[in-house]
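Chain by chain, the residues:
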Amino acid sequence: MDSLVQLITLACLLVAWHFITLARKTSKRSKGASEPPVEYGWIPFIGMGLNYILDTKRTLDKMNKKYGDCFTLYMGGQRVTFIMDHASFAGIWKNKDNLTFEGLAEEMLAKATNHRVAPGHYHAMITLERKALNLANVTATARSFQSHLFKVLKSAMPVHPGLYQFTSELFFHSSIKAFYGEVIDPSQLFDDFRKFDKTHWKLSSKAAQTLMMKITNNLLSQVPTLQSGLTPSIFHERLPARALNDFLLIFIGANSNTIAANYWALFFILSDKDAATAVRSELESIKYNSPKLSISETIRMRSSSQSTRLAEKNCEFTLQKTGKVFSVRKGDTVILDGSKDLFDEAVWETPRQFNYKHFLENDVRKLPFSPFGGGISLCPGRILARMEITIFVAEMMREFDVTLENVTKDSFEPDMARFAFGFLEPKNEVKFSLKRRDVEV
Ligand code: HEM
């Protein structure tokens, strides 16, 4: 009996091996001359998928060192080509007929929400969102955000174990009120949001999907008619209920990025004497240069977003730094990752250190810096995000003397878990104290 089991096991292993070898040969066979080098990894089918999920940054750095600025990783049966030369991004973004975004975005949304939008629906939603986030609406939302923030700051401040939790709660409260109006009670949403925030980068996580549905349902039950905040102008176009859910979800999800950005901006400015002095002196005037520069520098230090495209046809692109032409196949995913150039010693004076002068002394258009993506998927919330961060930092520093306690090397460490999915969170909480300043605002 034992030997029969062994025989069957051996036969199964042989058949499996045959298919694995066949699959690997097939996927390697049609490699064209100008295709980027491919890394298949050791595990059949999964390929480099596990390495990438477990430690994205390390995997990309390793591959970049091995192959240069363009390479393909075979992951979960798919070919994903990475381009790490920022100078080449503009050309990719311009090629919007061959390299598209919508299908991928629908896929990501389906994974995050467990709901597949109707074909073409994502495009309709985003078009509406772009229209809604026009300058007038964004300015009104930012003003509303400022007044809600101000109200909370004026009231008795709750005690928090650390600056990140404090920032999250304060920002979430004020931004949700700014969007959905006075009727909403953000405290009913916050705990679920934080749980979601901790898991959402694992887009296919069941827990993240359940939490997101809970948050949107809670939100919808609180704001059935959407009578105030920014939302009425958005919903003039009457979306069906399901679309409304997706829509709210995108807005809520965007908070993850902005919260982390607010935190790091405040933290970096407060822990850098020069930056803090420059920002404080400008808060008294109407000139707001230093906060803006510090925010750009914060984004450089801690954003980790990628820009993703799907190849609709076989197509070619040129790597600007080397002039080398590469091709991708129809169906391949193309990911633009600018993280390496954000720390390039040839570009930044002190690449690993917060230095707001990086943006003072350079023409931003010439820097390898596009944290909000580009082309058809350029972030529609970028202006609002920058306004909110500026307001947050300004109000905090105007209202309080904020003292960071026990700042060590560990306090500067980002948590890399969210790398490639947006702004990095801090790995460690920083204790702080607040002393109200006696100023008229
Ligand atoms: C610091 C804060 C933020 C950062 C770093 C950020 C970054 C990004 C990036 C990198 C993309 C993808 C671009 C691409 O694929 O090329 C994106 C897309 C997007 N962002 Fe943001 N974002 C932020 C805040 C916001 C806010 C506040 C909102 C909404 C109010 C928002 C809404 C969106 C939406 C809807 C998309 C998808 C666009 C599309 O599918 O065409 N983001 N963001």
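Note that the structure is predicted; figures quoted are calculated from it, not measured. (Residues numbered from 1 in each chain as written. Predicted model: local features only at pLDDT ≥ 70, side-chain atom pairs only at ≥ 80, totals over all residues. Heavy atoms only, no water.)

### Description of the side chain of T56
Its location among the elements puts T56 in helix α3 (residues 56-67). Looking at T56, its side chain comes within polar contact range of the main-chain oxygen of Y52, at 2.6 Å. (Helix = DSSP H or I, 4+ residues; strand = E, 2+ residues; numbered from the N terminus. Polar contact = N/O pair within 3.5 Å; in protein donor to acceptor, adjacent residues only side chain to side chain.)

### Re the site of the ligand
As a structural note, the neighbourhood of the ligand is formed by 23 residues, with Y122, R130, S307, S377 and C379 the closest of them. Residue S307 places a side-chain N or O atom 2.5 Å away from an oxygen atom belonging to the ligand. The separation between an oxygen atom of the ligand and a polar side-chain atom of S377 is 2.6 Å. Those elements giving two or more residues to the shell around the ligand turn out to be α6 (121-132) and α12 (241-270). Ranked by residues supplied to the shell around the ligand, first place goes to α12 with 6 residues. (Near = heavy atom within 4 Å.)

### What about the coordination of the iron atom of the ligand?
Counting protein donors around the iron atom of the ligand gives one, C379 (SG), at 2.3 Å. Position of C379 among the secondary structure elements: in the loop between β8 (333-337) and α15 (382-399). (Donors = N, O, S within 2.8 Å, 3.2 Å for Na, K, Ca; no water.)

### Considering the nonpolar core
Residues L163, L170, F267, M396 and M397 are the most contacted members of the largest nonpolar core, which totals 69 residues. Of the residues forming this core, the biggest block, 11 residues, is contributed by α12. In this structure, M396 is in contact with L153, F166, L170, L266, V402 and L434, ignoring residues within four places of it in sequence. (Core = buried A, V, L, I, M, F, W, Y, C linked by side-chain atoms within 4.5 Å. Buried < 20%, exposed > 50% of the residue type's maximum accessible area, 1.4 Å probe, protein only. Contact = heavy atoms within 4.5 Å.)

### Comments concerning helix α13 (residues 273-283)
Listed in full, the buried residues belonging to α13 are A275, A276, A278, V279, E282 and L283. For α13, the angular spread of buried residues about the axis comes to 165°, placing them on one side. The outward face of α13, more than 90 degrees from its buried face, is lined by the exposed residues K273 and T277. Sitting at the head of α13, D272 places a side-chain oxygen 3.0 Å from the backbone nitrogen of D274. (Arc of directions from axis to C-beta.)

### Remarks on unusual backbone geometry
With phi around 65°, F45 is a residue other than glycine that occupies positive phi space. Relative to the helices and strands, F45 resides in the loop between β1 (38-39) and α2 (49-54). Take F45: its relative accessible area is 54%, and that puts it in the exposed class. Of note, the phi angle at N406 is positive, near 50°, even though the residue is not glycine. With respect to the helices, strands and loops of the structure, N406 is situated in the loop between β9 (400-405) and β10 (414-415). For N406, a relative accessible area of 66% puts it in the exposed group.

### A short note on the pairing of strand β7 (residues 325-328)
Relative to β7, strand β6 (residues 315-318) runs antiparallel, the two being bridged by 4 bridges. Its bridge partner lying in β7, T318 is registered against V325. Between the end of β6 and the start of β7, which pair antiparallel, lie 6 residues, with G323 showing a positive phi angle near 75°. (Pairing = 2+ DSSP bridges.)

### With respect to the sheet that holds strand β2 (residues 70-75)
The 6 strands are arranged β1-β2-β3-β8-β5-β4 in an open sheet whose pairing can be described as mixed. Looking at strand neighbours, the two that pair on one side only are β1 and β4 (99-100), the edges of this open sheet. For strand β5 (residues 306-311) and β8, the ladder comprises 5 bridges, and the chain directions are antiparallel. Counterpart to R309 in the pairing with β8 is V334. Against the sheet, α3 engages β1, β2, β3 (78-83), β5 and β8, with an angle of about 130° to β2. (Axes fitted to C-alpha atoms, helices over the stretch in contact; angles between N-to-C directions.)

### A look at the pattern of salt bridges
Oppositely charged side chains can pair when the atoms bearing their charge come close. Overall, the coordinates contain 18 salt bridges when judged by the stated rule. As a salt-bridge pair, K321 and D85 come within 4.0 Å of each other at their nearest N and O atoms. Taken as a pair, K321 in the loop between β6 and β7 and D85 in the loop between β3 and α4 (89-94) lie far apart in primary sequence, 236 residues in all. Classification of D85 by relative accessible area gives buried; the value is 0%. Between K321 and D341 there is a salt bridge, with the nearest N and O atoms lying 3.3 Å from each other. Within this pair, whereas K321 is found in the loop between β6 and β7, its partner D341 is found in the loop between β8 and α15, the two being separated by 20 residues in sequence. D341 gets classed as buried once you look at its relative accessible area, which sits at 3%. Shared partners join several salt bridges into a network, and the residues in it are D69, D85, K321, K340 and D341. (Salt bridge = Lys/Arg side-chain N within 4 Å of Asp/Glu carboxyl O.)

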